Amino acid sequence: MDDAISTPEGVSSPASLRVLQKRRQFLALNRGLRVPAGAFLLQARDRCDDDPVIGVGFTCSRKVGNAVARNRAKRRLREAARLVLPDLGQAGWDYALIGRAEATAAREFEALLDDLRKALTKVHGSVRTKGRKT
RNA sequence: GCGGGGGGCCGGACGGCCGCCUGCGGGGGGAAACCCUUGCGGGAGGAAAGUCCGGACUCCACAAAGCGACGGUGCCGGGUAACGCCCGGGCGGGGUAACCCGACGGACAGCGCCACAGAGAACAGACCGCCUUCGCGACAUUGCUCUGCAAUGGACGGGGGUCAGGGUGAAACGGUGGGGUAAGAGCCCACCGGGGGGGCGGCAACGUUCCCCGCAUGGCAAGCCCCACCGGGAGCAAUGCCAAAUAGGGACCCCGCGCCUUCGGGCAUCGGUGCUUUGCCGAAGGGGUCCGGGUUGGCAGCUGGAGGCCGCGAAGCGAUUCGCGGUCCAGAGGAAUGGUCGUCGAACCGGAGCGAUCCGGGGAACAGAAUCCGGCUUACAGGCUCCCCGCACAU
RNA sequence: GGUCCCGUAGCUCAACUGGAUAGAGCAAUCCCCUCCUAAGGGAUAGGUUGCAGGUUCGACUCCUGCCGGGAUCA
């Protein structure tokens, strides 16, 4: 409870995650940033509201494969987001991880985590300094 | 031992840590909504798939009879909630056999089609050939009474008989053998095949037997069609409720509503199911109330059901049914089963060995519930188990 | 998730009631014309008719099962 009050400012302190479920949330993300992250694609966008939670969604289209391949790709992305986003994600932002055909399921899990970390620093390294300082 | 056929079952296992979805409960905060925390339980498949059939369920439509249209099924009997599924039987085909396969009603109800080739293709036909006859009688042979005559054969042309043979074709109007004939032909006979009728067995499909008929009447119905049987339409994104938002349409109520009226009703017009008949309902102008197109969110439907699974008993050849006991086993809604580590591990690869096997590597097929059931079909690494058939060897 | 529709040369379309060589335009290749290119003319090649079975003498066409693509419904 003490954490919940003290976190909204910090970038690296743990924040709560929430899964995106509505179509309009994904449509909004399509207008945000889009960064390739090795085995997948990362979309990120500042929600511009007062809620400090981090939103995260997962997309795997039919290009990824059949239902088994799509589910497997989403599970690995979900696990990666669970491990990385509370530390490196920024409060008040939404993220979407988009699976790719062969790579998302085949990549080593540690490499998958690195992909996500690099992509996040790429997003916030450029945008945050510009947006927040002025 | 080798090869083959049929049925049933499994389809990676165990554990640690960190997570996800969901049911029930405890504790704390809060007026409540809700939030935080914590305990116990459950959490993908044999196909969850394709959406090809059949239902449950929901909404819409619905007066009855007759006729018609459309779609489906198609040997017979049984099972089932139902089926195009399953079981048993029949018939046909394949296999030495176990066993497997089959859209398997009707082509004397009718219409249509059968290209090319071929003489002829649907109550067919005469090309070659065979036989016969006629004409001119070339020509050949033989005989004689020898410039010739006669007999036989016969090129060529015409008429007739014939469908056995050749050839064409997917298919040529029963097949084989014999008799018969001018040559032939069910022309006649035997057997096979076919048709009709009777008897017997069977619920039936059908089988069997006797008698009669020499027996002209293809193939296609997954062409139209006929016969028998079945079927109202749509689908959980159905449907119901709540909230936000509001047009040109819709619903309900009141008055009025063609003519006559004894106020019960009668007679008209128009519209309403594919058509007809009978019947029923609605409509004509004005006012009021409510809903509403498109977009978006929440709740219900939502998992307890012709239930599944396990065990026992009974009926039946079997599908299946009946009885008893136990048990409950996913319920999401951008959609839950994952990540990682350890032990064991099939296929496969390399090496050693005559071999059983051993050592090292390797790391698990097809595939993910979306309202729920019964089937079918399709995909599938590998494994377990039961029964049966053939061959070889031994006893 | 449900429902419906469509697959023919590289592309856009034909092919009768099932009847034999699956045809046309554009594109492609080669040649002619031109100083060169375009246009024009001539010739050529290109097809398991989405795949696999079945019915039929014969299938692009009829039937069944798969595969791929598209549309639509709250």
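Whatever comes next refers back to the structure up there.
Here is what the cut-offs are and how they apply
- Residues numbered from 1 in each chain as written.
- Chains lettered and ligands numbered in written order.
- Predicted model: local features only at pLDDT ≥ 70, side-chain atom pairs only at ≥ 80, totals over all residues.
- Core = buried A, V, L, I, M, F, W, Y, C linked by C-beta atoms within 7 Å.
- Buried ≥ 20, exposed ≤ 12 C-beta atoms within 10 Å, placed from the backbone.
- Helix = DSSP H or I, 4+ residues; strand = E, 2+ residues; numbered from the N terminus.
- Near = placed C-beta within 6 Å.
- Nonpolar A, V, L, I, M, F, W, Y, C, P; charged D, E, K, R; others polar.
- Pairing = 2+ DSSP bridges.
- Axes fitted to C-alpha atoms, helices over the stretch in contact; angles between N-to-C directions.

Peer 1: A description of the nonpolar core should follow, citing residues and the corresponding values.
Peer 2: Counting 27 residues, the largest nonpolar core has F40, L42, L77, Y95 and L97 as the members making the most contacts within it. At the level of secondary structure, the elements contributing two or more residues to this core comprise β3 (40-46), β4 (54-59), α3 (67-88), β5 (93-99) and α5 (109-133).

Peer 1: Tell me about the protein's contact with RNA strand B, residues and numbers included.
Peer 2: Residues in contact with RNA strand B amount to 19 residues; listed here are only the nearest, R23, T59, N66, A67 and F109. Of all the secondary-structure elements, those providing two or more residues to the surface near RNA strand B are α2 (23-30), β4 and α3. For the surface near RNA strand B, the class distribution of residues is seven nonpolar, five polar and seven charged.

Peer 1: I'd like a description of the sheet that holds strand β1 (residues 17-19), backed by residues and values.
Peer 2: As summarised here, the arrangement of the five strands in space is β1-β4-β5-β3-β2, forming an open sheet in which the pairing is mixed. Each of the sheet's edge strands pairs with one partner strand only, and the pair in question is β1 and β2 (33-37). Neighbouring strand axes in the sheet, compared pairwise and without regard to direction, differ in orientation by 25° on average.

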